[in-house]
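Geometric and topological summary
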Amino acid sequence: MGGSEAPAGPNRVPPGKMAHYGKCIEVAMKHLDRFQPQKDSPEQFLEAAAASLQTRVYKEVVLGSSNLKKAVRGVFAHTLSPQKQAFIMEILSGCLEYHKLLTIVVDAFYVRDGRLCPRADYSLFEVLCYLATFQLEELGFQVFRDVVQAQPTHKACKFLRFLFNPLNLGSWIKDEWSLIYETSHVKENWIDPLMRWQPEIQELIDQLQGELTSQLSPPKSKAKVTEPKELSLTTPRPRAIPVPELVPQVAETRPVPRSTYEPPKEQRLLEMTKRYNRWKAEDSKKKPRLRLPPRILKAQKLTFYTPNDNAPVKLNTAAILREGALYQRQVEKALQRVDRLVDGAGDFSEFLEWQRRMQAKDREEQLAAGEVRRLRGKLSHEEAVLARQQVAREKRRTAELKKEETAELMQRCTERRLQEEKSMKELVEQVMETQKNVRVAQTELRKGRRRIAQEVTEENRELLQRSAEAAKEERRQRRALVSQLRALEFQPTRRGKLVDLTQTPGHGLEGEMSVVELRERLALLKETRRRQEEERRDQIIQGKRAKSQELRDTVEQVALCRAAMGRSAALRWEEKKARWAAAGAPSQDERVLELRRRIQEKAAERRARAAPGHVPAPRAVRPKQRAQLEAQRRLELERSRERWLQAQQPGCGPARRLGAA
């Protein structure tokens, strides 16, 4: 069977009509490139391919000789014949049916021998593999040779040498295909025929290799080769040594001034000023000065924040012990101070009283200066409001003029747009009339194409249905065989051994015992461990009780110290409120009175101007929002003043601040 051709099958094309096999293979490759196994269904893809083969027209352009300046000679078009369409559909259906087998061979070819081949030729190798494996007996060697010769020589030669290699066919190709189909079926129907055709295919490969070598070898030239001869030239004279030229003297350059590498004097002064201002700001943070307006110091208008002393605070053990130790140190310091006073040490109360009076005087002066600045700011605000009202009136006049001009321009634009819309409607009506005739012709053409596509689809559906029924019957027989094999595997077998737990194994080991004795010993060991854990738990509970009693005693002592500190803080707070009430009298400074008078005059002028038409000032603060900001500012000032006073008092440490809180 190796050298003789197989008889023609029902789908075999006669040898006289093989001129366009290359074009058929190209069409099949284009369709396979568009197939996506993850998205496309093989049945729908074949129906679409059959419809496209019925309606598609392939054009061929026949060019002239190698001279690129010659024009195109002619163009003609023709449709594929039914025999060629049947051949293309046979290739497509076979490649889709045996897609897994073909993919195994082509992927291995790219990994081993075809590493330099482009991935665009993947479909070409699939078609060649399908024709050689499944259609070589039906087509015959002569037709297969014509198909191979119509493809690129070096690609077809390399792939056929890889596919028909006896080592590949008998080893991994057979093993991989046997994972998908039965081993006997693979060997009898595919591997053995390929091995029988191997001598003829080897002759075809040698023939293609010879053609490829003859194309690559350079043509032999019969012309005489020119031999170069050396020229007889006269010996050149030696060059004379040139006279050295005098190097001109260059004037000395001035050295680079030192100021180029040093920062300018102004920059150094700015850095010094910046450091001084930073130091001054940090120093002022350490010793803050409070500036309060006189009206904030009125006792009847102030709302002080009094913390709730009865609020429960949950402390951990470390916090309780730390606070108890702090109060203990404070008590010891107080006792030491009393001992020093008893021994005759001096008292600083008179000096502190004088210092307090001086500080109160300084605060009054600062408050007066702050009130002057506030009133000046308010006066500037009134003047800015008057200027803003004047600017608003001018803007209103300008806006009215702009609105009139805009309305006139909009009227003109509307008239122009209406004219353009009218002309466009007329143009659209003319275009629609011309398109009606074209649509009728297109509708008739679509109906004819749809009728042809439906006929081809019906034929393909019948063929696919018959092949699906045959495959379904084969799968059913295979499932029945598999179920019988599994039933034999799952037959029950008795696997078991009786064990006596009271019997000693008798291996001759030291301490050998039975399972029952081992369980009893483990139970005794668990009981012993349980008693030890209970004793350890009782010891831990007693230790915790002792620590809890110690913590309760410390908490009682801390509560007593807090109560004493709270009473002393309340007394100091009452003294501070009394001092603020005394210092909250209205200021009688002449500068303050003069500024208040000027502010009243500006406010009266602003109200008089705003009487005809009120213009709201932009970015003005609402009364409610202003009251909220003022209250917040008062609260912040009170808190900062309290912190500053506590810092100024001698002997005021963390304990006193904690008691005041």
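Our subject is the structure that appears above.
Chains are numbered independently. Their residues run from 1 in the order of the written sequence. Residue-level local features of this predicted model are given only where pLDDT is at least 70; pairs of side-chain atoms are given and counted only at 80 or more, and the full residue set underlies all totals for whole chains, interfaces and linings. Calculated side-chain values reflect all of the structure's heavy atoms, with hydrogen atoms and water omitted.

All right, on to the overall build of the chain then. Numbering of helices and strands runs from the N terminus, with a helix taken as a DSSP run of H or I at least four residues long and a strand as a DSSP run of E at least two residues long. When helices and strands are tallied, the chain shows 18 helices and two strands. Relative to its full complement of 661 residues, the chain shows a buried share of 23%. In what follows, residue pairs with any heavy atoms lying within 4.5 Å of each other are defined as contacts. The contacts of the chain with a sequence gap of at least 6 include a subset with a gap of at least 24, amounting to 75%. To measure how exposed things are, a 1.4 Å probe is used in the Shrake-Rupley method; for residues, cover is taken only from the protein chains shown. Of the roughly 51600 Å² that the chain leaves accessible, carbon and sulfur atoms contribute 54%. The rule is simple: take the accessible area with a 1.4 Å probe, protein chains only, and divide by the maximum for that residue type; under 20% is buried, over 50% is exposed, in between is partly exposed.

Moving on to the packing of helix H5 (residues 122-134) against helix H8 (residues 153-163). Note on method: axes are straight lines fitted to C-alpha atoms, helices fitted across the in-contact stretch only, with angles between N-to-C directions ranging 0 to 180 degrees. For the pair H5 and H8, the least separation of the axes is 11 Å and the interaxial angle reads 50°. Comparing their axes, H8 and H5 come out oblique. H8 is crossed by H5, and the crossing has right-handed handedness. Contacts between H5 and H8 pair Leu 124, Phe 125, Leu 128, Cys 129 and Ala 132 from the former with Lys 155, Ala 156, Phe 159 and Leu 163 from the latter. Of the residues in the contact of H5 with H8, the class split is eight nonpolar, no polar and one charged. Angular relationships are summarised with four words: roughly parallel below 35 degrees, roughly antiparallel beyond 145, roughly perpendicular across 65 to 115, and oblique for the angles in between. Here a crossing is called left-handed whenever its near helix is offset anticlockwise from the far helix by less than a right angle, and right-handed whenever the offset is clockwise. Residue classes follow a fixed rule: Ala, Val, Leu, Ile, Met, Phe, Trp, Tyr, Cys and Pro count as nonpolar, while Asp, Glu, Lys and Arg count as charged, and any other residue, Gly among them, counts as polar.

Ring pairs (aromatic) are described by centroid distance and by the angle formed between their planes. Each Phe, Tyr or Trp ring, with Trp reduced to its six-membered ring, pairs with another whose centre is within 6.5 Å; inter-plane angles below 30 degrees give stacked pairs, above 60 give edge-to-face pairs, and intermediate values give tilted ones. In this structure the tally under the stated criterion is 17 aromatic pairs. Ring centres 5.3 Å apart and planes at 85° place the aromatic pair Phe 109 and Phe 159 in the edge-to-face group. On the criterion of sequence distance, the pair formed by Phe 109 in helix H4 (residues 99-112) and Phe 159 in helix H8 is long-range, its members being 50 residues apart. Take Phe 159: its relative accessible area is 0%, and that puts it in the buried class. Cluster of aromatic residues (ring-pair linked, three or more members): Phe 109, Tyr 110, Tyr 122, Phe 125, Phe 159, Phe 162 and Trp 172. In our convention, an over-ring charge means Lys NZ or Arg CZ found within 6 Å of a ring centre and within 35 degrees of that ring's normal. Across from the ring centre of Tyr 110, 4.4 Å away, lies the NZ or CZ of Arg 119, which sits over that ring.

A separate point is helix H9 (residues 166-178). The terminal C-alpha atoms of H9 lie 17 Å apart, and with 13 residues this matches the ideal 18 Å at 1.5 Å per residue to within 8%. Throughout, the bend at a residue refers to the angle made by two axes, fitted to the seven residues ending there and to the seven starting there. Of all the bends in H9, the greatest measures close to 35° and is centred on Trp 172. Among all positions of H9, only Asn 168, Leu 169, Trp 172, Ile 173, Trp 177 and Ser 178 are buried. Buried residues belonging to H9 abut H4, H5, H8 and helix H10 (183-196). Helix span, expected: 1.5 Å multiplied by one less than the number of residues in the helix.

In this section: the side chain of Gln 389. Structurally, Gln 389 can be placed in helix H14 (residues 349-489). Owing to a relative accessible area of 7%, Gln 389 belongs among the buried residues under this scheme. With residues near it in sequence (within four places) discarded, Gln 389 still touches Arg 606, Arg 609 and Ala 610.

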